[in-house]
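One-letter residues, chain by chain:
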Amino acid sequence: MTNPINNKTFYITTPIYYINDIPHIGHAYSTIAADVLARYYRSKKYEVLFSTGTDENSKKTIEAAQQAKQEVSEYTDAMAETWQDTWRSLDLSFDDFVRTTEERHQLATNSLLEAIYQNNPDHIYKGTYEGKYCFRCEAFYRDDELVDGKCPIHKKEVELVKEDNWFFRLSDYEDKLLQWITDTDAIAPESRKNEVVAFIKRGLEDISISRANQDIGLPLPFDKSQKIYVWIEALINYLTVAGYPNQDYERWWQNVHHIVGKDIIKFHCIIWPAMLMSAGLTPPKQVFAHGFFTINGEKISKSLGNTIDPVLLAEQYGNDALRYFLLREIPFGADGDFSFERFQIVYETELGNVLGNLVSRVAAMLGKYNDGKYLQEQVSFSQQAEIDDALSRFAFEKYIALVFDRLTELNVLLEQKRPWELVKTNNDQAVNVLSQVANELIGIAQVLHPLLPETAKKIQQTFHDGKVDTSVGILFPRIEE
Ligand code: MSP
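From a predicted model like this one, the values you see are computed outputs, not experimental measurements.

### Quick notes on the overall build of the protein chain
Each helix and strand counted, the protein chain has 18 helices and 17 strands in total. Here the C-alpha radius of gyration of the protein chain, 26 Å, is about what a compact globule of 481 residues would show, namely 23 Å. Overall, the C-alpha framework of the protein chain stretches about 90 × 50 × 40 Å when taken along its three principal axes. Each of the 481 residues in the protein chain was classed as buried or not, and the buried ones make up 56%. Counted over contacts in the protein chain with a minimum sequence separation of 6, partners at least 24 positions apart contribute 76%. Accessible surface, the protein chain: about 21500 Å² in total, of which carbon and sulfur atoms supply 48%. A gap of 2 Å separates the mean positions of the 50 positive and 70 negative side-chain charges of the protein chain.

### Observations regarding the pairing of strand β3 (residues 96–99)
Burial along β3 is two-sided: Asp96 and Val98 and Phe97 and Arg99, pointing in opposite directions, are all buried. Sheet analysis places strand β2 (residues 47–55) next to β3, joined by four bridges and oriented parallel. The partner of Ser51 across the bridge, within β3, is Asp96.

### What to know about the environment of Trp87
Locating Trp87 in the fold gives a position in helix α3 (residues 72–89). Trp87 sits 57 residues away from Ser30 along the chain, and the two C-alpha atoms are 11 Å apart.

### A few points about the pattern of salt bridges
Following the criterion strictly, the structure yields 29 salt bridges and no others. Across the pair Lys126 and Asp223 runs a salt bridge, and its minimum N-O distance is 3.5 Å. Of this pair, Lys126 sits in strand β4 (residues 124–134) while Asp223 sits in strand β11 (residues 223–228), and the two are 97 residues apart along the sequence. For Lys126, a relative accessible area of 47% puts it in the partly exposed group. When its relative accessible area of 13% is taken as the criterion, Asp223 is described as buried.

### So, the packing of helix α13 (residues 340–370) against helix α15 (residues 396–417)
At a minimum axis separation of 10 Å, α13 and α15 run at an interaxial angle of 45°. Taken as axis vectors, α13 and α15 run oblique relative to one another. Both α13 and α15 take part in a crossing whose hand is left-handed. Where α13 abuts α15, its residues Glu350, Leu351, Asn353, Val354, Leu355, Leu358, Arg361, Val362 and Met365 lie against Phe404, Leu407, Thr408, Leu410, Asn411, Leu414 and Glu415. Grouping the amino acids of the contact of α13 with α15 by side-chain chemistry returns ten nonpolar, three polar and three charged.

### Points about the site of the ligand
Close contacts around the ligand come from 24 residues, with Ile16, Tyr18, Ser30, Asp55 and Asp263 the closest. The separation between a nitrogen atom of the ligand and a polar main-chain atom of Phe293 is 3.1 Å. Protein coverage of the free-state accessible area of the ligand, which is 670 Å², stands at 93%. Contributions of two or more residues to the shell around the ligand are made by β1 (9–18), α1 (25–43), α7 (230–235) and α8 (237–242).

### With respect to the sheet that holds strand β8 (residues 207–208)
Strand order in the open sheet formed by four strands is β5-β4-β6-β8, and the pairing between neighbours is antiparallel. Edge positions in the sheet fall to β5 (139–141) and β8, since each has one partner strand and no second. Direction of pairing for β4 relative to β5: antiparallel, over a ladder of three bridges. Opposite Cys134, over in β5, you have Ala139 as the bridge partner.

### Points about α13
Along α13, the sharpest kink reaches roughly 45°, centred on Gly352. One or two residues past the end of α13 sits Asp371, with phi positive at roughly 60°.

### Points about the packing of helix α11 (residues 310–317) against helix α12 (residues 319–329)
Where α11 meets α12, the closest approach of the two axes is 6 Å, and the angle between their N-to-C directions is 115°. Viewed along their axes, α11 and α12 adopt a mutual orientation that is roughly perpendicular. Listed contacts from α12 to Pro310, Leu313, Ala314 and Tyr317 of α11 are Asn319, Ala321 and Leu322. Of the residues in the contact of α11 with α12, the class split is six nonpolar, one polar and no charged.

Calculation notes
Residues numbered from 1 in each chain as written. Predicted model: local features only at pLDDT ≥ 70, side-chain atom pairs only at ≥ 80, totals over all residues. Heavy atoms only, no water. Helix = DSSP H or I, 4+ residues; strand = E, 2+ residues; numbered from the N terminus. Rg over C-alpha atoms; globule rule 2.2 N^0.38 Å. Buried < 20%, exposed > 50% of the residue type's maximum accessible area, 1.4 Å probe, protein only. Contact = heavy atoms within 4.5 Å. Areas by Shrake-Rupley, 256 points an atom, 1.4 Å probe, with all protein chains shown as cover. Lys, Arg positive; Asp, Glu negative; His and termini not counted. Charge placed at Lys NZ, Arg CZ, Asp CG, Glu CD. Pairing = 2+ DSSP bridges. Salt bridge = Lys/Arg side-chain N within 4 Å of Asp/Glu carboxyl O. Axes fitted to C-alpha atoms, helices over the stretch in contact; angles between N-to-C directions. Parallel < 35°, antiparallel > 145°, perpendicular 65-115°, else oblique. Left-handed = near helix turned anticlockwise from the far one by under 90°. Nonpolar A, V, L, I, M, F, W, Y, C, P; charged D, E, K, R; others polar. Near = heavy atom within 4 Å. Polar contact = N/O pair within 3.5 Å; in protein donor to acceptor, adjacent residues only side chain to side chain. Bend = angle between axes of the 7 residues up to and from the residue.

Put into structure tokens, the structure is as follows:
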């Protein structure tokens, strides 16, 4: 039911992940970013829908199930569980987890494809496809994109596919897409927007939306002998979660934001909006493409054996440290590098020294000099407007810098006022300084909550109702590598 009083909605999605492997830190990156936004908009009293899920109807799934010596359905159930468990153990606050093998997804998929077919019968047609296909990418490649005749990503043989398929008249959407992109802020950051515009201007070809002779996949509603091309069906997950074809879906759809990696922008910024336009639906409010990161300078890959399990890392350093490092280290939208050395440095210097030590020093001194009490005063974070602006642009690094700059100033303030010396001559003044910092820390905890939920809670517990609780323990204790 639409709530007539509160119609501020915010719908944030992550890509739905392939289940041929367990989640690695790159997947956690997209999901953590979405989680911070979901928590932030909830704190702003928006109704929030945060979705993630698994992309299961891929040939990769069959290959992985065979390798695991399991039935496909047994394998997919177990992997969907593993992905959900991972996000739960990282305390990611998703509202929905969609699996593309669910019935509701089949319903949404059929409804959207039928809507395209009925709305624009000439936009769907049957033809013969001939091309090179990499099933690991689930994508076709032109000859000039192949490297030594092999897939440029996986460096494996591609299949020559020649079959009768159904096509979608994507070529008809060049002008409409360009108009949508230039009239709105739908594609961010700017560099990706320019990349997509340039790609469209080179000319769009129609795309094949079905496969003949394939075991896995959802049947095409108007030709059950064919399976829907997995990407076409996967994109529709975003509508499935919103409740499409139920009319209520619009409530979420009016403010849907897709977070995706830069590797999948053509699907999200070209094919997806064109499909929606063709069906008479509005294209997404925003597609934000973040960059990719390497690990110690190398591409993340199973064969290099350098994948990092985000759960293990979080077990060692805590969920908050992982969230902080990923979003602080790499400006959202840019590429970056993940290194353990940097992780340890950032953990110790910023989380440990700047934040953790400040909280424990102030709490300890108030304990000693004022019986564990502070003078309560409501202090809101002074740069809330700048934080709102940064987060509306998904500029996490800017948000973090604003908060941590203030924390650094508070540390400097303590060094200048030196309450530990002041207390010897003027106890009241010492308590005043410490109370000011305690009150500011409570305000900071509030703005930090979306990024560091556990830490924010601990700060609020430490300074509560004029009393200091030192039993909370040290935030970000030293960890030996
Ligand atoms: N199933 C498709 C997406 C369908 S969405 C309708 C897919 N899945 S995936 O499992 O390969 O996950 C891709 C996403 O994981 C990327 O778009 C990106 O968001 C994230 N990342 C995977 N590796 C990454 C890095 N090395 N660095 C940053 N993000 C990474 O594509």
